[in-house]
Amino acid sequence: MQIYMDNAATTKMSRAAIEAMLPYMEEIYGNPSSLHSVGQRAGEALIAARERIAGCLSCDPEEIIFTSGGSEADNQAIISAARIGEKQRKRHIVSTAFEHHAVLHTLDRLKEQGFEITLLPVHEDGLVTAQQVSEAIRPDTCLVTVMYANNEIGTIQPIAQIGAVCRDKGVLFHTDAVQAAGHLHIDVRAQNIDLLSLSAHKFHGPKGIGALYAKRGVRLTNLIEGGMQERGRRAGTENIPAIMGMAAALTEACGHIDDSAAKISALRDRLIAGLSEIPHSVLNGDGECRLPGNVNFCFEGIEGESLLLLLDDKGVYASSGSACTSGSLDPSHVLLAIGRPHEIAHGSLRLTLSEETTAEEIDYAIRAVKETVEYLRGISPVWRDLLNGTRQFVTAE
Ligand SMILES: *Cc1c(COP(=O)(O)O)cnc(C)c1O
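In this report, the structure presented in the accompanying data block is examined. Quick caveat, the model's predicted, so the values are computed rather than measured.

1. Details of the overall build of the chain
Assigned secondary structure in the chain consists of 14 helices and 12 strands. In terms of overall size, the chain behaves like a compact globule, its C-alpha atoms giving a radius of gyration of 22 Å where 397 residues would be expected to give roughly 21 Å. Evaluated residue by residue, the chain yields a buried proportion of 57% over its 397 residues. Within the chain, residue pairs in contact and separated by at least 24 positions form 73% of the contacts whose partners lie at least 6 positions apart. Roughly 16700 Å² of accessible area belongs to the chain as shown, and the carbon and sulfur atoms make up 52% of that amount.

2. Details of the sheet that holds strand 4 (residues 116-120)
Pairing in this open sheet of 7 strands is mixed, and the strands run 2-8-7-6-5-3-4 from one edge to the other. Taken across any chain shown, the strands that pair with only one partner, and hence form the sheet edges, are strand 2 (64-67) and strand 4. Averaged over all pairs of adjacent strands, the angle between strand axes in this sheet comes to 20°, irrespective of strand direction. Taken together, the 3 bridges between strand 6 (residues 172-176) and strand 7 (residues 195-199) define a ladder with parallel strand orientation. Paired with Asp 176 across the strands is Ser 197, a residue of strand 7. Strands in contact with helix 5 (residues 101-112) are strand 3 (92-96), strand 4, strand 5 (141-145) and strand 6; relative to strand 3, the strand with the most contacts, it is inclined by about 155°.

3. Overview of the site of the ligand
Neighbouring the ligand are 13 residues, the closest being Ser 71, Asp 176, Gln 179, Ser 199 and Lys 202. A distance of 2.6 Å is found between an oxygen atom of the ligand and a side-chain nitrogen or oxygen belonging to Ser 199. Between the ligand and Lys 202, the relevant distance is 2.7 Å, taken from an oxygen atom to a side-chain nitrogen or oxygen of the residue. Within the complex, the protein chains bury 86% of what would otherwise be the 380 Å² of accessible surface of the ligand. Looking at the shell around the ligand element by element, the count peaks at 3 residues for helix 4 (residues 70-87). A per-class count over the shell around the ligand returns 2 nonpolar, 8 polar and 3 charged.

4. Some words on the packing of helix 10 (residues 304-313) against helix 13 (residues 359-378)
Axis separation between helix 10 and helix 13 bottoms out at 10 Å; the angle between their running directions is 130°. Here helix 10 lies oblique to helix 13, going by the angle between them. Relative to helix 13, helix 10 is oriented so that their crossing is right-handed. Taking contact as the criterion, the partners of Ser 306, Leu 307, Leu 310 and Leu 311 in helix 10 are, on helix 13, Ala 368, Val 369, Thr 372, Val 373, Tyr 375 and Leu 376.

Conventions we followed
- Residues numbered from 1 in each chain as written.
- Predicted model: local features only at pLDDT ≥ 70, side-chain atom pairs only at ≥ 80, totals over all residues.
- Heavy atoms only, no water.
- Helix = DSSP H or I, 4+ residues; strand = E, 2+ residues; numbered from the N terminus.
- Rg over C-alpha atoms; globule rule 2.2 N^0.38 Å.
- Buried < 20%, exposed > 50% of the residue type's maximum accessible area, 1.4 Å probe, protein only.
- Contact = heavy atoms within 4.5 Å.
- Areas by Shrake-Rupley, 256 points an atom, 1.4 Å probe, with all protein chains shown as cover.
- Pairing = 2+ DSSP bridges.
- Axes fitted to C-alpha atoms, helices over the stretch in contact; angles between N-to-C directions.
- Near = heavy atom within 4 Å.
- Polar contact = N/O pair within 3.5 Å; in protein donor to acceptor, adjacent residues only side chain to side chain.
- Nonpolar A, V, L, I, M, F, W, Y, C, P; charged D, E, K, R; others polar.
- Parallel < 35°, antiparallel > 145°, perpendicular 65-115°, else oblique.
- Left-handed = near helix turned anticlockwise from the far one by under 90°.

Set out below in structure tokens:
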């Protein structure tokens, strides 16, 4: 068995996305800035792709710029809002403690430049409230940036309510929607979103391509200077094949969000039910208000890393925390943000499903995790101490 359950890290490209790319590598390889017809055909494709992506977000094509991915879109959105704020002497930003590092590290950089950052604490259920945001906004706040859905624990934030608060208070609102795009319905107008980031490889498109939606009138700061591509806001010859792949993947995903969410969340709940039978385990993040494909557990008395390696041997490909933090020995900042103590935050496992996941795979994964947790506990000195009472359990039986 080979079971890929790491779709929050990246997804397999869809057939439609691959097929949409091929003609732009083989025949229509022109530069859209060229005046000849090979270039112009690429230019027309670029216009069509932008329209389709805008359609999926309910914005205008002029409000979309292409970037190299979610990280770049996050950087550009936040830095742009900071530059706008600076001009009005507003140097305070509100965000949350469990954002992706593309957001947190950009905020660190701004802090060094004199910005004040309020990171809202996250409730144990993995949610922040619009009221928390409202209370944190000050007269000098220039930006609120709250992720749409968390990449580790999958919790979905009350984006429309936060958008309404920001609109009422006249503060720009950015959301990192990298985990949400293609999986949840997004309407930037109805949800009062001013800036939004997405990334193609999280919804079965190619890697290295993403988009930033910026509401008309929100002036973007360039991160990359050069030619006049993307209306002068992002220089560099457009990656046409990747853009075509992203447009195809997003259109496909947005065409069946409800069906796919119903199917995947049923599998998710079966997996959650199975893993909950493991003693001294705890689900991270609210059980309902979470991405259809996200399952994240802590198992007391074991190390997440060892669990991953043994699961890999059994053909189950999973993650502990995010791809970006695995490899470091620090426990996930997301699990610490929701109040998990260090000792159990180390024993975390994230399994993220896709449309291709089957019920058989879920049952296999449940068995594999159960056996592996049992085995690791059998050889764990920490578990022995827990059993003989030298250490206290943090989780319930
Ligand atoms: C994957 C991810 C990113 C980064 O996107 P890239 O395209 O890999 O740069 C940013 N935010 C979240 C929530 C993500 O899951």
